[in-house]
Each structure stands twice: as structure tokens, then as C-alpha cells.
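# Architecture at a glance
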Amino acid sequence: MKKRILIVGACGQIGTELTTELRSRFGSHKVIASDIREGSEELMRSGPFEILDATDYYAMEDLVMRHEITEVYLMAAMLSATAEKFPLKAWNLNMNSLFNVLNLAKEKKIEKIFWPSSIAVFGGTTPKKDTPQRTIMEPSTAYGISKQTGERWCEYYHHKYGVDVRSIRYPGLISYKTLPGGGTTDYAVDIFHKAIKHNRYVSFLSAETTLPMMYMDDAIKATIGIMQAPAGQIKIRSSYNLGAISFSPKDISESIQEHLPEFRMEYKPDFRQAIADSWPQSIDDSEARDDWGWAHEYDLEATTRIMLENLSN
Ligand code: SER
């Protein structure tokens, strides 16, 4: 089979690293990057790039046909904190872009889809510790509502039209190559930048707010792993729970202090505290581990070391 991949939202936090990894595995010319605007120089130089508005069905269809795309990774989305400011804009972007790829697959114009869900599908009534795959889901954020609805539609298109769509519920993702934008877990990236520059950080979440998190290399491995697995192994077609580490702002500040003893934290929770309070603290991801062999590698210690080393350079 001639695999040709389109990444929608290639210039974002996940898209940038996903593009690099897919290009190194499958060849630069086989991986088309797209986004609403141009990305980093490195990404732009590494292979084909197209400007694409993910909500424009005809533009996406045209790109898919021109490049004979077989797989789409839809990484464009408005994240939780920004979505609270622009709920309808978030709904339009997050839902319409998903319908566009689902309908392209329904019409057999593409063969396979990756679509990211999130821990934000859970809500205040969900069990917080080792949150099960199937449990109460009453998301209270605009972002969470769009992701939960998206999961229902993915499963619907799979059962009704045989669409091969695969998804994982990402936790907060930590990386040094690209900044996240507009999420509630962004503090866990920002803290490293500020620690190196100013030796202090003002956290917008309280000291004890524990959330599920993951180092980016693990997230990329999971993303490509679920897409490479034989279709029969993907038993869940809404979205898989995916876990790695869980920590609070206090935990991460102590981990940084082991390298930078002068580092100091302050806590000034803002509107994002309520978002974080509605999310799980840890995730039971045993079905991803059993069905398609997911295993994480990076713990908090390793993540802290890698982040500080790379950002100091
Ligand atoms: N990391 C995302 C956010 O904070 C959740 O998927 O919005």
C-alpha cells in the first residue's frame, strides 16, 4: 500500500514533533504538513507544506486528492483555556474539522484517521483516581464537550460506515521544541522556561492540583503506535485512556529544585483552576496496554532532566 500522510495542524505543539517523526520514519515527501499559518523554519524546510483551514471541507478534499493522501492526523484544535473564552469558536473548529475528515473517510477518499481526544472528556462527577476507560463523563468545559461529542461521532462513523478512526485521550503534554497554546496543563511546560530564565514561577494552578501528564516522546510513540497497530487490535473506536505520570505544581517544583536549588514557586490560581479541578488525577490505561501494547518510558525525573538540559542550551 502506498502510504501518504496529511497532518492537519502540523505547526502546533504535537503536530510539529509528529511531523518530524513521521517524516523520519516514512520519508519527507510522503508526509504533507498543513496548518492555517506557517510554522517554524525547521518544519517548513523539512518537507511539503500547505496552508489549510481545517474547517474548509472543499480545501481539505482538494489537498487530499492532489497529494493522494491515505491517512490524516487531525491535530488542529482549540484547547481548554482558550475555549472557555471563545466557546462557539472552539465548537466550530473542533467539530467541523473532525466531520471533514470523518466524511472524507466515509466517502473512501482516505483510509485511516488519527484524532486526539483528551482527559477533558471527564468531569467533576468522574472518579478522580485511576479513572476507568468507561465511567461517568459529564465534561463541564467547552473543550471537553467538543472532545466528548467527537468521541461519540468517531465511534458512530466506525460502526455505521466502517471508518478506520483511531484515538487516544492525551493527558497534559510536556515538550521543549514547541510551546503549547491555550491549555490548562501548559504550566508544566512554561515552568521550565521561567525556571531557567528567572529562577521563579507563578503557577496559575494551586500547589496540590494533581493532573495526568506525559513527556512528548511518549505521546508521539503512542500516536504512531495506535496508527500502526493491526485494525483488529483497536477494539475501542471512541478513544483510549492513555496514562504515564501524574504530578502537581508542587511535585514539579521540587523536581526542578533538585537541579536548581534556588528555584521558587508562588501560587496564584486563576480561572484555569476550575478546569483542572474537573479533570482526573490519574488514568487507568490498561486497555491501551492490553489491546495495542502501549507502555510509557519517561517519569517525572527524566522529564525534568531532559527539559532543563535542552532549554538551557
Ligand atoms: N492539555 C490540554 C489542555 O490543557 C488538555 O487536552 O487543554
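Parameters at a glance
Positions within a chain are numbered from 1, following the residues in the order the chain's sequence is written. Per-residue local features are limited, in this predicted model, to residues with pLDDT of at least 70; the limit for side-chain atom pairs, both in listing and counting, is 80 or more; totals at the level of whole chains, interfaces and linings are taken over all residues. Side-chain figures throughout are based on the complete set of non-hydrogen atoms in the structure, without hydrogens or water. We define a salt bridge as a contact between a side-chain nitrogen of Lys or Arg and a carboxyl oxygen of Asp or Glu at a distance within 4 Å. Numbering of helices and strands runs from the N terminus, with a helix taken as a DSSP run of H or I at least four residues long and a strand as a DSSP run of E at least two residues long. Exposure categories follow from relative accessible area, calculated using a 1.4 Å probe and restricted to protein chains: below 20% of the type maximum is buried, above 50% is exposed, and the middle band is partly exposed. Take the buried Ala, Val, Leu, Ile, Met, Phe, Trp, Tyr and Cys residues and link them wherever side-chain atoms come within 4.5 Å; each set so joined is a nonpolar core. Here a residue-residue contact requires only that any non-hydrogen atoms of the pair lie within 4.5 Å. By convention in this text, a residue qualifies as near a molecule or strand provided that one of its non-hydrogen atoms is within 4 Å of it. Two N or O atoms form a polar contact when they lie within 3.5 Å of each other; inside protein one atom must be a possible hydrogen donor and the other a possible acceptor, and for residues adjacent in sequence the pair counts only when both atoms belong to side chains. With residues, only the protein chains shown are counted as cover, and all accessible areas are computed by Shrake-Rupley using a 1.4 Å probe.

## Examining the pattern of salt bridges
Evaluation of the coordinates by the stated rule reveals 20 salt bridges. Of the charged contacts in the structure, one is a salt bridge between Glu21 and Arg25, with a shortest N-O distance of 3.0 Å. Here Glu21 and its partner Arg25 are both found in helix 1 (residues 13-26), 4 residues apart, which amounts to about one turn of the helix. Residue classification places Arg25 among the partly exposed residues on the basis of a relative accessible area of 44%. For Asp164, the salt bridge is made with Arg166, and the minimal N-O distance between the two is 2.9 Å.

## Focus: the environment of Asn310
In this structure, Asn310 sits in helix 12 (residues 300-312). Relative accessible area serves as the criterion here: at 28%, Asn310 is assigned to the partly exposed category. In sequence terms Asn310 and Tyr176 are 134 residues apart; their C-alpha atoms lie 7.0 Å from each other.

## Brief notes about the nonpolar core
Counting 39 residues, the largest nonpolar core has Ile174, Tyr187, Ile191, Phe192, Met213, Phe247 and Ile252 as the members making the most contacts within it. Of all the secondary-structure elements, those providing two or more residues to this core are helix 6 (142-161), helix 7 (187-198), strand 11 (211-215), strand 13 (245-247), helix 9 (249-257), helix 10 (272-277) and helix 12. Once residues within four sequence positions are removed from consideration, Phe247 is found in contact with Ile174, Tyr187, Ala188, Thr209, Thr210, Leu211, Met213, Ile252 and Leu300. By size, the runner-up hydrophobic cluster in this structure holds 33 residues, among which are Cys11, Tyr73, Ala219 and Ala229.

## Focus: the site of the ligand
Inspection of the region around the ligand gives Leu79, Ser80, Ser118, Tyr143, Gly183, Thr184, Thr185 and Trp279 as its neighbouring residues. Between an oxygen atom of the ligand and a main-chain N or O atom of Thr184, the distance comes to 2.6 Å. Here a nitrogen atom of the ligand and a side-chain polar atom of Thr185 are 2.8 Å apart. Here the ligand has 240 Å² of accessible area as a free molecule, and 93% of this is covered by the chains.

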